[in-house]
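Here is how the chains run, residue by residue.
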Amino acid sequence: AQSVTQLDSQVPVFEEAPVELRCNYSSSVSVYLFWYVQYPNQGLQLLLKYLSGSTLVKGINGFEAEFNKSQTSFHLRKPSVHISDTAEYFCAVSPITNTGNQFYFGTGTSLTVIP
Amino acid sequence: DTEVTQTPKHLVMGMTNKKSLKCEQHMGHRAMYWYKQKAKKPPELMFVYSYEKLSINESVPSRFSPECPNSSLLNLHLHALQPEDSALYLCASSQALTGGGEKLFFGSGTQLSVL
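Computed from a prediction, not measured in an experiment: that's the story for all the values here.

Enquirer: I tried to follow the overall build of chain A on my own but got confused; where do I start?
Expert: Per the secondary structure count, chain A includes 0 helices and 12 strands. A globule of 115 residues ought to have a C-alpha radius of gyration of about 13 Å, and chain A, at 14 Å, matches this closely. Its C-alpha atoms give chain A principal-axis dimensions of roughly 45 × 30 × 25 Å. When the 115 residues of chain A are sorted by exposure, 49% land in the buried category. Total accessible area on chain A is roughly 5400 Å²; 52% of this is exposed by carbon and sulfur atoms. For chain A, the centre of its 6 positive side-chain charges and the centre of its 8 negative side-chain charges are spaced 10 Å apart.

See the structure below:
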């Protein structure tokens, strides 16, 4: 079984300040890790993903995330946020299986960037 | 074309109505998904089709009936819904690669209200 925990349901941050959105997971099998963003009234868009290799992955819009296997974490960071980053952010895991079709999402973190 | 198109964008229906949600993609993806998302909650997986065959049904009530007529189309037939079924219904697609780790492409969703 898999579970994804995003401890911070809401994160307010001032424009141009750094931000970190936390994600922890548990799984009985190996997983791939993802961060998705959802803007109001839209579907989800992939920010970045970790499959293997370097534990620091870079994504779109200046975001990056670091995989920490010992802490089972995959925290998302951005050094300087913009107003346009205001959105809902979801961490997700996908078990490494032959079918590869299952994705499990965390409860989301609402990021609000304050001018 | 890297879009997943969902119609209609908004739907209001009574509990005795029959309606259908439609989803279309032309990226050659062979896996298609239906997710249900309540306000301020993460998407919940409902169904997965892989190569036009239903591969995952997450114990969804029978008042929701999925259909995959061909590799580009995915429908969700609705009948005798309850007010608690009101939600954003998201369609997604992916390449269906063996082993997973692939990106999900989401549509903008259909906002469903059941009266």
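Enquirer: Sorry, what's going on with the pattern of salt bridges here?
Expert: Note that side chains of opposite charge can pair when their charged atoms are close. Residue and element names in this part refer to chain A. This structure, assessed with the given rule, holds 9 salt bridges over all chains. Arg22 is the salt-bridge partner of Asp8, the closest N and O atoms lying 2.9 Å from each other. With Asp8 in the loop between β1 (2-5) and β2 (10-14) and Arg22 in the loop between β3 (19-21) and β4 (24-27), this pair connects stretches of sequence that are 14 residues apart. Judged by its relative accessible area of 31%, Arg22 is partly exposed.

Enquirer: Quick question: what am I supposed to make of the layout of surface pockets here?
Expert: The probe, sized like a water molecule, is rolled over the atoms to show the empty space still left. Empty space within the largest pocket amounts to approximately 540 Å³. Only β10 (87-95) and β12 (109-114) of chain A together with β9 (87-94) of chain B provide two or more residues apiece to the lining of the largest pocket. Here the element with the most residues in the lining of the largest pocket is β10 of chain A; it accounts for 3 residues.

Enquirer: Any chance you could explain the environment of Leu47 of chain A here in plain terms?
Expert: All names here are of chain A. Along the polypeptide, Leu47 turns up in strand β6 (residues 44-50). Residue Leu47 is classed as buried on the basis of its relative accessible area, which comes to 3%. Taking the C-alpha atoms as reference, Leu47 lies 14 Å from Val81; in sequence the two are 34 residues apart. Setting aside chain neighbours within four positions, we find Leu47 in contact with Trp35, Tyr36, Val37, Gly59, Ile60, Asn61, Phe63, Leu76 and Tyr89.

Enquirer: Sorry, what's going on with the sheet that holds strand β8 (residues 73-79) of chain B here?
Expert: In sheet architecture, strand pairing relies on hydrogen bonds along the backbone and comes in two forms, parallel and antiparallel. All names here are of chain B. The strand order β1-β3-β8-β7 describes an open sheet built from 4 strands, whose pairing is antiparallel. Two strands bound the open sheet, and with one partner strand each, they are β1 (4-7) and β7 (64-70). Strand-to-strand twist of the sheet, defined as the mean angle between neighbouring strand axes without regard to direction, takes the value 20 degrees. In this sheet, β8 lies alongside β7 in antiparallel orientation, the contact comprising 5 bridges. Looking across to β8, one finds that Glu67 is bridged to Asn75.

Enquirer: Just to check I follow, could you spell out the interface of chain A and chain B for this structure?
Expert: By a frequent convention, interface size equals the accessible area lost on bringing the separate parts together. Contact residues are listed per partner, giving 24 residues for chain A and 28 residues for chain B. Contact between chain A and chain B buries roughly 1800 Å² in total, counting both sides, with carbon and sulfur atoms accounting for 55%. The largest contributions to the chain A side of the interface with chain B come from Asn101, Phe103 and Phe105 of chain A, which together make up 30% of the buried area. Put simply, chain A and chain B have 0 salt bridges between them. Residue assignment for the side of chain A that touches chain B shows that the elements contributing at least two residues are β5 (31-38), β6 and β11 (104-105) of chain A. The element best represented in the side of chain A that touches chain B is β5 of chain A, accounting for 4 residues. Among the residues forming the side of chain A that touches chain B, the class breakdown is 11 nonpolar, 12 polar and 1 charged.

Enquirer: In this structure, what is going on with the state of the cysteines? I would like to understand it.
Expert: Residue and element names in this part refer to chain B. Across all of its chains, the model carries 2 disulfides over all chains by this definition. With its sulfur 1.9 Å from that of its partner, Cys23 forms a disulfide with Cys91. Every disulfide takes its handedness from the sign of the S-S torsion; for Cys23 and Cys91 that torsion is -70 degrees, giving left-handed. Of this pair, Cys23 sits in strand β3 (residues 18-25) while Cys91 sits in strand β9; the two residues are 68 residues apart in sequence, bridging distant segments of the chain. Cys91 shares its class with Cys23; the two are buried. Here Cys68 is not disulfide-linked; the sulfur of Cys91 is the nearest cysteine sulfur, at 9.2 Å.

Enquirer: What am I meant to see in the pairing of strand β9 (residues 73-78) of chain A here?
Expert: Consecutive residues of a regular strand have side chains that alternate between opposite faces of the sheet. All names here are of chain A. Counted residue by residue, β9 has 5 buried out of 6 residues, so it is predominantly covered. Across 3 bridges, β3 lies against β9 in antiparallel orientation. Pairing of Val19 across the sheet is with Lys78, part of β9. Across 5 bridges, the pairing between strand β8 (residues 64-68) and β9 is antiparallel. Bridging across to β9, Glu64 finds its partner in Arg77.

Rules behind the numbers
Residues numbered from 1 in each chain as written. Chains lettered and ligands numbered in written order. Predicted model: local features only at pLDDT ≥ 70, side-chain atom pairs only at ≥ 80, totals over all residues. Heavy atoms only, no water. Helix = DSSP H or I, 4+ residues; strand = E, 2+ residues; numbered from the N terminus. Rg over C-alpha atoms; globule rule 2.2 N^0.38 Å. Buried < 20%, exposed > 50% of the residue type's maximum accessible area, 1.4 Å probe, protein only. Areas by Shrake-Rupley, 256 points an atom, 1.4 Å probe, with all protein chains shown as cover. Lys, Arg positive; Asp, Glu negative; His and termini not counted. Charge placed at Lys NZ, Arg CZ, Asp CG, Glu CD. Salt bridge = Lys/Arg side-chain N within 4 Å of Asp/Glu carboxyl O. 1 Å grid on protein atoms, 1.4 Å probe; cavity = no way out; pocket = protein on both sides within 12 Å on 5 of 7 lines; lining within 4 Å. Points joined across faces, edges and corners; volume = space filled by probe spheres on them. Contact = heavy atoms within 4.5 Å. Pairing = 2+ DSSP bridges. Axes fitted to C-alpha atoms, helices over the stretch in contact; angles between N-to-C directions. Buried area = accessible area lost by both parts, 1.4 Å probe. Nonpolar A, V, L, I, M, F, W, Y, C, P; charged D, E, K, R; others polar. Disulfide = S-S within 2.5 Å.

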